[in-house]
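Given next are the chains, with one letter for each unit.
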Amino acid sequence: MSSDNEIKLGFFSQDVGHHVAAWRHPDVPADGGMSLDFHRNIARTAERGKLDMVFFGDQMAPMYPEDEQLGGTSRMLRLEPTALISALAAVTTHIGFVATVSMAYFEPFHIARKFATLDRMNGGRTGWNMVTSFESREALNFNVGVVSPPELRYRRAHEFAEVVKKLWDSWDDNALLRDKESARFFDPARLRVPEHKGEFYSSRGPLNVERSVQGQPVLVQAGSSPEGIEFAAHHAEVVFTAQSDLGDAQAFYGKVKGIAASQGRDPDHIKIMPGVMCFIGQTREQAHEKYARLQALITPQVGWMVVKQHLGVDISALPLDEPLPNFTASTGQLSRQQLLIDAARRDRLTVRQFYQRYVGSRGHHVVIGTPSDIADIFESWVDECAADGFNLMVPWSPGGLDDVVDLLVPELQRRQRFRREYTGTTLREHLGLPVPKSQYAP
Ligand SMILES: Cc1cc2nc3c(=O)[nH]c(=O)nc-3n(C[C@H](O)[C@H](O)[C@H](O)COP(=O)(O)O)c2cc1C
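Residues numbered from 1 in each chain as written. Predicted model: local features only at pLDDT ≥ 70, side-chain atom pairs only at ≥ 80, totals over all residues. Heavy atoms only, no water.

**A word on the nonpolar core**
Ranked by size, the top nonpolar core spans 109 residues in total, and within it Leu 9, Trp 128, Trp 168, Phe 354, Val 359, Phe 378 and Phe 390 carry the most contacts. With 8 residues, helix 5 (residues 150-168) is the largest single contributor of residues to this core. Leave out the neighbours within four places in its chain, and Trp 128 touches Val 98, Ala 99, Val 101, Met 103, Ile 111, Phe 115, Phe 160, Val 164, Trp 168, Val 218, Leu 219 and Val 220. Within the second largest apolar cluster, 11 residues are counted, among which are Ile 229, Ala 236, Val 239 and Val 256. (Core = buried A, V, L, I, M, F, W, Y, C linked by side-chain atoms within 4.5 Å. Buried < 20%, exposed > 50% of the residue type's maximum accessible area, 1.4 Å probe, protein only. Helix = DSSP H or I, 4+ residues; strand = E, 2+ residues; numbered from the N terminus. Contact = heavy atoms within 4.5 Å.)

Next up, the structure:
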């Protein structure tokens with residue numbers, strides 16, 4: 001368990017909810033994902049709940065457009081997350097914002113400047129989710145056209161992250177004098193020019209944005225392969241992961257923190273936050289009704305299509321109510337798929353149950369119950385070293401987020417496991433992360 005007793009809570013925002021059928025829910029505005037008003041309202045609700053951050057994943061391509069079953073999904077549209085968090089920060093005062101931007105299709109200078117700008121503008125409330133982009137459908141939107149193998153992606157990512165951090169340290173904290181009297185705007189001795197020339201990237205620098213009040217944006221990572229864990233242990237301050245089994249989650253938690261410690265880092269300075277989809281009711285029956293209502297809205301066509309697009313396997317010819325046969329996924333995030341397939345075999349799921357479970361939450365942990373049931377699970381995962389907190393994947397919005405803020409948060413507050421008021425103003429303060437020292441600091 002991390003040194004403070006508080007559970008970290010992020011709101012993982014996606015479209016009008018994480019459940020694949022969320023857009024069909026009667027209370028959901030089906031066009032909400034494309035609406036600034038919709039996102040503004042849910043960001044304000046998350047802030048009312050005193051959550052640490054709103055997290056936006058990203059993919060720079062929708063599903064493969066040639067799939068004829070595609071018409072039943074809302075997952076074809078997605079606003080660009082850095083532009084979106086810029087607008088959302090303007091209507092909030094405390095909550096942090098994390099945006100996913102790929103290291104595969106931009107240069108380190110782009111990312112360093114974009115996130116440093118966001119972090120200056122919103123008073124140190126920004127995080128960057130560093131992804132290496134594994135989807136070939138994204139690669140097809142760029143000149144490169146193909147996805148590199150994982151080992152190469154992560155080798156490049158290491159250098160990318162190093163360059164971004166060097167650029168963020170371009171200006172020492174006391175470099176900018178802005179002294180009208182002496183006519184000295186800055187002290188050239190305190191300006192650091194990275195002059196980076198490496199295996200993959202060159203960037204002379206310096207960056208033309210000053211460090212923010214939290215020093216640097218918070219670095220977030222999501223990737224569970226050995227290379228991904230190594231990368232996380234080295235660079236990440238928040239690790240987002242898909243874990244649905246306590247034992248697996250403990251092993252992952254121990255591994256990431258152990259490798260970080262072996263590299264001289266304080267393991268408490270990496271917060272592990274598995275994604276969790278919560279169905280919360282005043283009673284268990286009510287919570288299960290909420291779950292069943294959305295599951296019933298998944299059509300087999302959407303089930304087959306999502307499995308095919310994510311796992312590269314066509315299950316449309318398999319009898320729906322027979323046990324899931326052995327199969328190996330052939331595309332996508334291999335580490336994450338293995339977790340899903342292992343879990344489905346362990347639980348002896350049928351084909352229908354598999355696609356319903358997979359497609360509904362995309363393999364993330366689903367918890368269904370009263371605020372007290374869910375708080376028990378959260379407390380045990382945190383107390384038993386499986387997580388430092390959770391990235392809450394609300395099944396549908398705004399109703400699912402209202403349930404978090406109005407039912408779950410008060411229960412965690414009552415147990416003294418979650419703040420009643422923000423005690424800081426930066427994302428680092430919310431998460432209990434230190435301000436990183438400049439690498440040029442004495
Ligand atoms: C929980 C989770 C969330 C992820 N979210 C994103 C995302 O929003 N965008 C993206 O491009 N990749 C995302 N990824 C993919 C990872 O960044 C990584 O590329 C992928 O997992 C393959 O690496 P791995 O084999 O190390 O897991 C996510 C991965 C996980 C496990």
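**Comments concerning the packing of aromatic side chains**
What characterises a pair of aromatic rings is the spacing of the ring centres plus the angle enclosed by the ring planes. For the structure on display, the rule yields 15 aromatic pairs. An aromatic cluster of three or more residues is present, and its members are Phe 115, Trp 128, Phe 160, Trp 168, Phe 200 and Tyr 201. (Phe/Tyr/Trp six-rings, centres within 6.5 Å; stacked < 30°, edge-to-face > 60°.)

**Regarding the pairing of strand 11 (residues 271-280)**
Burial analysis of strand 11 places 10 of its 10 residues in the buried class, which makes it a mostly covered element. The side-chain alternation of strand 11 yields two buried faces, one formed by Lys 271, Met 273, Gly 275, Met 277 and Phe 279 and the other by Ile 272, Pro 274, Val 276, Cys 278 and Ile 280. In this structure, strand 10 (residues 238-241) lies alongside strand 11, joined through 4 bridges in parallel fashion. Paired with Val 238 across the strands is Lys 271, a residue of strand 11. On the question of chirality, the crossover connecting strand 10 to the parallel strand 11 by way of helix 7 (residues 246-262) is right-handed. Pairing geometry for strand 11 and strand 12 (residues 365-369), over 5 bridges, is parallel. What sits directly across from Met 277, in strand 12, is Val 366. (Pairing = 2+ DSSP bridges. Right-handed = clockwise from strand over helix to strand, strands pointing away.)

**Notes on the pairing of strand 13 (residues 389-393)**
Within a regular strand, the side chains alternate between the two sheet faces. Summarising burial for strand 13: 5 of the 5 residues are buried, a large majority. Where burial is concerned, the two faces of strand 13 agree: the one with Gly 389, Asn 391 and Met 393 and the one with Phe 390 and Leu 392 are both buried. Sheet topology note: the strand 1 (residues 8-13)/strand 13 ladder contains 4 bridges and is parallel. Among the inter-strand pairings, Phe 11 is bridged to a residue of strand 13, identified as Leu 392. Alignment of strand 11 against strand 13, held across 3 bridges, turns out to be parallel. Bridge pairing in strand 13 places Val 276 opposite Leu 392.

**Quick look at the pattern of salt bridges**
Two side chains with opposite charge may pair up if their charged atoms get near one another. Per the stated rule, a full pass over the model turns up 29 salt bridges. In this structure, Lys 50 engages Glu 421 in a salt bridge whose closest nitrogen and oxygen atoms are separated by 3.4 Å. Of this pair, Lys 50 sits in the loop between helix 1 (36-48) and strand 2 (53-56) while Glu 421 sits in the loop between helix 13 (399-414) and helix 14 (427-431); the two residues are 371 residues apart in sequence, bridging distant segments of the chain. When its relative accessible area of 17% is taken as the criterion, Lys 50 is described as buried. Because the salt bridges share partners, they merge into one network encompassing Asp 376, Glu 379, Asp 383, Glu 411, Arg 414, Arg 415 and Arg 417. (Salt bridge = Lys/Arg side-chain N within 4 Å of Asp/Glu carboxyl O.)

**Observations concerning the environment of Gln 263**
Turning to its location among the elements, Gln 263 is positioned in the loop between helix 7 and strand 11. With relative accessibility at 32%, the residue Gln 263 sits in the partly exposed group. Taking the C-alpha atoms as reference points, Gln 263 and Tyr 291, separated by 28 residues in sequence, lie 43 Å from one another. The residues touching Gln 263, leaving out its near neighbours within four places in the chain, are Glu 230, Ala 233 and His 234. Only 3.0 Å separates the side chain of Gln 263 from the side chain of His 234, close enough to count as a polar contact. (Polar contact = N/O pair within 3.5 Å; in protein donor to acceptor, adjacent residues only side chain to side chain.)

**Description of the UniProt feature "transmembrane region" (unreviewed entry) in the chain**
Annotation from UniProt places "transmembrane region" (unreviewed entry) at residues 83-106. For residues 83-106, the end-to-end C-alpha separation is 16 Å, with 29% helix and 29% strand making up the annotated structure. (UniProt positions renumbered as here; feature names shortened; annotations may be inferred.)

**Digging into helix 13**
Given a rise of 1.5 Å per residue, 16 residues ought to cover 22 Å, and the 22 Å separating the end C-alpha atoms of helix 13 matches this to within 8%. The axis of helix 13 is deflected most strongly, by about 30 degrees, at Leu 408, and proline Pro 410 appears within four residues downstream. Judged by how many residues are buried, helix 13 sits mostly within the fold: 12 of 16 residues are covered. On its buried face, helix 13 is in contact with strand 1, helix 1, strand 11, helix 8 (284-295), helix 12 (371-383) and strand 13. The first or second residue beyond helix 13 is Gln 416, which carries a positive phi of 60 degrees. (Expected span 1.5 Å × (residues − 1). Bend = angle between axes of the 7 residues up to and from the residue.)

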